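Chain residues, written in single-letter form:
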Amino acid sequence: MENQKNGYIPLYRSIKKKPWAKDVFLRTLWENLLIDAQRQPYAARFKGHVWHLQPGQLVVTAADLGLALCDRKGKPTSRDAVERMLGFFVREGMISMEGEKQKGRVITILNYAQYAEKVSNLPAQTSAHTSAHDEASAVAASEGMGAHGAAQTSAQHEQEDNNNTKKPTSENSDESSDERLKKFLSSHPEAVIYTPNGSKWGSAEDLRAAEWISALVNTIKPTARQANLTAWANDIRLMRVLDGRTHREVCELFKWVSKDAFWSINVLCPAKLREKWDTLSLKRDAARRGPATTNALDFDNTDWAEDMKL
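Calculation criteria
- Residue positions are given per chain, counted from 1 along the sequence in the order it is written.
- Thresholds applied to this predicted model are a pLDDT of at least 70 for local features of residues and 80 or more for the giving and counting of side-chain atom pairs; totals over whole chains, interfaces and linings are not thresholded and use all residues.
- The basis for every side-chain value is the complete set of heavy atoms in the structure, and neither hydrogens nor water enter the calculation.
- Stacked, edge-to-face and tilted are the three classes for Phe, Tyr and Trp ring pairs, Trp counted by its six-membered ring, which pair at centre distances within 6.5 Å; planes under 30 degrees apart are stacked, over 60 edge-to-face, the rest tilted.
- The numbering of helices and of strands both runs from the N terminus, where a helix is a DSSP run of H or I of at least 4 residues and a strand a run of E of at least 2.
- The rule is simple: take the accessible area with a 1.4 Å probe, protein chains only, and divide by the maximum for that residue type; under 20% is buried, over 50% is exposed, in between is partly exposed.
- Within 3.5 Å is the distance limit for a polar contact, defined as a pair of N or O atoms, with the added protein rule that one can donate a hydrogen and the other accept it, and that residues adjacent in sequence qualify only through two side-chain atoms.
- Any two residues having at least one pair of non-hydrogen atoms within 4.5 Å are treated as being in contact.
- For a helix, the expected span equals 1.5 Å multiplied by the number of residues minus one.
- Only buried residues count toward a nonpolar core, which is a set of Ala, Val, Leu, Ile, Met, Phe, Trp, Tyr and Cys residues joined through side-chain atoms within 4.5 Å.
- Salt bridges are defined as contacts in which a side-chain nitrogen from Lys or Arg sits within 4 Å of a carboxyl oxygen from Asp or Glu.
- Each pair of strands is called paired provided DSSP finds at least two bridges between the two strands.
- Think of each axis as a best-fit line through the C-alpha atoms, taken over the contacting stretch in the case of a helix, with angles from 0 to 180 degrees between the N-to-C directions.
- The sense of a crossing depends on the near helix, which, turned anticlockwise from the far helix by less than a right angle, makes the crossing left-handed and, turned clockwise, makes it right-handed.
- Amino acid classes used here: Ala, Val, Leu, Ile, Met, Phe, Trp, Tyr, Cys and Pro are nonpolar; Asp, Glu, Lys and Arg are charged; the rest, including Gly, are polar.

(A) Representation of the packing of aromatic side chains in the model. A full pass over the atoms with the stated rule returns 6 aromatic pairs. Taking 5.4 Å as the distance between ring centres and 55 degrees as the angle between the ring planes, the aromatic pair formed by Trp 30 and Phe 89 counts as tilted. Within this pair, whereas Trp 30 is found in helix H2 (residues 24–36), its partner Phe 89 is found in helix H4 (residues 79–91), the two being separated by 59 residues in sequence. Per residue, the accessibility class of Trp 30 equals that of Phe 89, and both read buried. Arranged with centres 5.9 Å apart and planes meeting at 65 degrees, the rings of Phe 184 and Tyr 194 form a pair that is edge-to-face. Of this pair, Phe 184 sits in helix H8 (residues 177–187) while Tyr 194 sits in strand E6 (residues 191–194), and the two are 10 residues apart along the sequence. Of the residues examined, Phe 184 reaches a relative accessible area of 3% and is grouped as buried.

As structure tokens, then:
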């Protein structure tokens, strides 16, 4: 019964049907997020700040998460690799993220309430089974903790280990779509536009930027397909949250794109802007600097010899 006191995550066999679950690091990261997420509202101290977390949220950095994902030699997973995995979870509609990469970000597990259901009437475990389980756990701990036990994150030390969570998949949950939507909105009060399942959403500022870009696209190409403002606001939110862009930066780059003969007809939505951001930024900056000037060599000029003493 000790596991129940300390917190546990019952895992359904159906998780093995998920293609991404075959990736050991993705699966472990997902389980770590579920374990570390708060079950109740909690004020966590992290990186010198107080973070007011709601159920299903944790505050952490990618570097911290990487320290808890080690290979057999104890080498932590790189920050960039963790960022890519988190980005995958965002695209799959499993989590959302708010905040800065270095100072700490609040990760919200969408539809967390269904993971935190209480499991009642669990069958009593025999003392023999419990003893065997405890012995196996002790052996596993003695073999594995040496590799990465020292790499536990400061976030895990500073955050409440309040993790009585359950992890069913969507096919195991009979929760109605209305209930899931209510829970999504309670976790994201800033959302003003969203899909029914909450996988794509944006704030009022994200929507305003999406509408501004849509109006600009209509002036460039009046026959362009009508904008999906929910998807556009979501892409702008991802640029803001994951890529560290501001709304001003997004709109300024798109404004430059709208004036470029080539890119104005090839970048007509925030998703494309995000995909080509680095290329577009470099070309814009180069255009601002103007053509490179080089001084042609004048072989008849002997100024270089004036200061030389014969």
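(B) Representation of the side chain of Thr 77 within the structure. Mapped onto the secondary structure, Thr 77 falls in the loop between helix H3 (62–67) and H4. One polar contact links the side chain of Thr 77 to the main-chain carbonyl oxygen of Leu 69, over a distance of 2.6 Å. Those residues within four positions of Thr 77 in sequence are excluded, and the remaining contacts are Phe 25, Gly 66, Leu 69, Val 82 and Met 85.

(C) Local environment of H2. A rise of 1.5 Å per residue sets the reference length of H2, with its 13 residues, at 18 Å; its end C-alpha atoms lie 18 Å apart and thus fit the reference within 8%. Here H2 starts with a cap whose side-chain oxygen sits 2.9 Å from the backbone nitrogen of Phe 25, and that cap is Asp 23.

(D) Region of interest: the nonpolar core. Membership of the largest hydrophobic core comes to 29 residues, with the highest contact counts inside it found for Trp 30, Leu 33, Leu 86, Phe 89, Ile 95 and Ile 107. Every element with two or more residues in this core is listed here: H2, strand E3 (57–60), H3, H4, strand E4 (95–100), strand E5 (104–109) and helix H10 (229–241). Among the elements that line this core, the one with the most residues is H4, at 6 residues. In this structure Ile 107 touches Leu 33, Gly 56, Gln 57, Leu 58, Val 60, Leu 65, Leu 86, Ile 95, Ser 96 and Met 97, once residues within four positions along its chain are discounted. Ala 210, Met 239, Leu 273 and Leu 280 belong to the second-largest nonpolar core, a separate cluster that totals 25 residues.

(E) Focus on the pattern of salt bridges. For the structure shown, the criterion picks out 8 salt bridges. Notably, a salt bridge pairs Arg 274 with Asp 243, separated by 2.7 Å at the nearest N-O pair. Highlighted residues: Arg 274 in helix H12 (residues 270–275) and Asp 243 in the loop between H10 and helix H11 (247–259), separated in sequence by 31 residues. Where Asp 285 meets Arg 284, a salt bridge forms, and the shortest distance between an N and an O atom there is 3.5 Å. Owing to a relative accessible area of 13%, Arg 284 belongs among the buried residues under this scheme.

(F) Focus on H10. An ideal rise of 1.5 Å per residue puts 18 Å on 13 residues; H10 measures up with 18 Å between its terminal C-alpha atoms. Judged by how many residues are buried, H10 sits mostly within the fold: 11 of 13 residues are covered. Within H10, burial applies to Thr 230, Ala 231, Trp 232, Ala 233, Asn 234, Asp 235, Ile 236, Arg 237, Leu 238, Met 239 and Val 241.

(G) Structural detail: the pairing of strand E2 (residues 49–53). As defined by bridge partners, strand E1 (residues 42–46) adjoins E2 across 5 bridges and the pair is classed as antiparallel. Its bridge partner lying in E2, Ala 44 is registered against Trp 51. Where E1 folds back onto E2 in an antiparallel hairpin, the turn is made up of 2 residues, including Lys 47, whose phi is positive at roughly 55 degrees.

(H) Region of interest: the packing of helix H9 (residues 204–220) against H10. Where H9 meets H10, the axes come as close as 8 Å, and the angle between the chain directions of the two elements is 115 degrees. The hand of the H9/H10 crossing is right-handed. Mapping the contact onto sequence places Asp 206, Leu 207, Ala 209, Ala 210, Glu 211, Ile 213, Ser 214 and Val 217 in H9 and Leu 229, Trp 232, Ala 233, Ile 236, Arg 237 and Arg 240 in H10. Of the residues belonging to the contact of H9 with H10, the class tally is 9 nonpolar, 1 polar and 4 charged.

(I) Representation of the sheet that holds E4 within the structure. Pairing is antiparallel in the open sheet, where 3 strands are placed in the order E3-E5-E4. Bordering the open sheet on either side are E3 and E4, each of which pairs with just one other strand. Strand-to-strand twist across the sheet, computed as the mean angle between neighbouring axes with direction ignored, equals 20 degrees. Of the pairings in the sheet, the one linking E3 to E5 comprises 4 bridges and is antiparallel in character. Directly across from Val 60, in E5, lies its bridge partner Arg 105. Along the sheet face, H4 touches E4 and E5 and points at about 130 degrees away from the line of E4.

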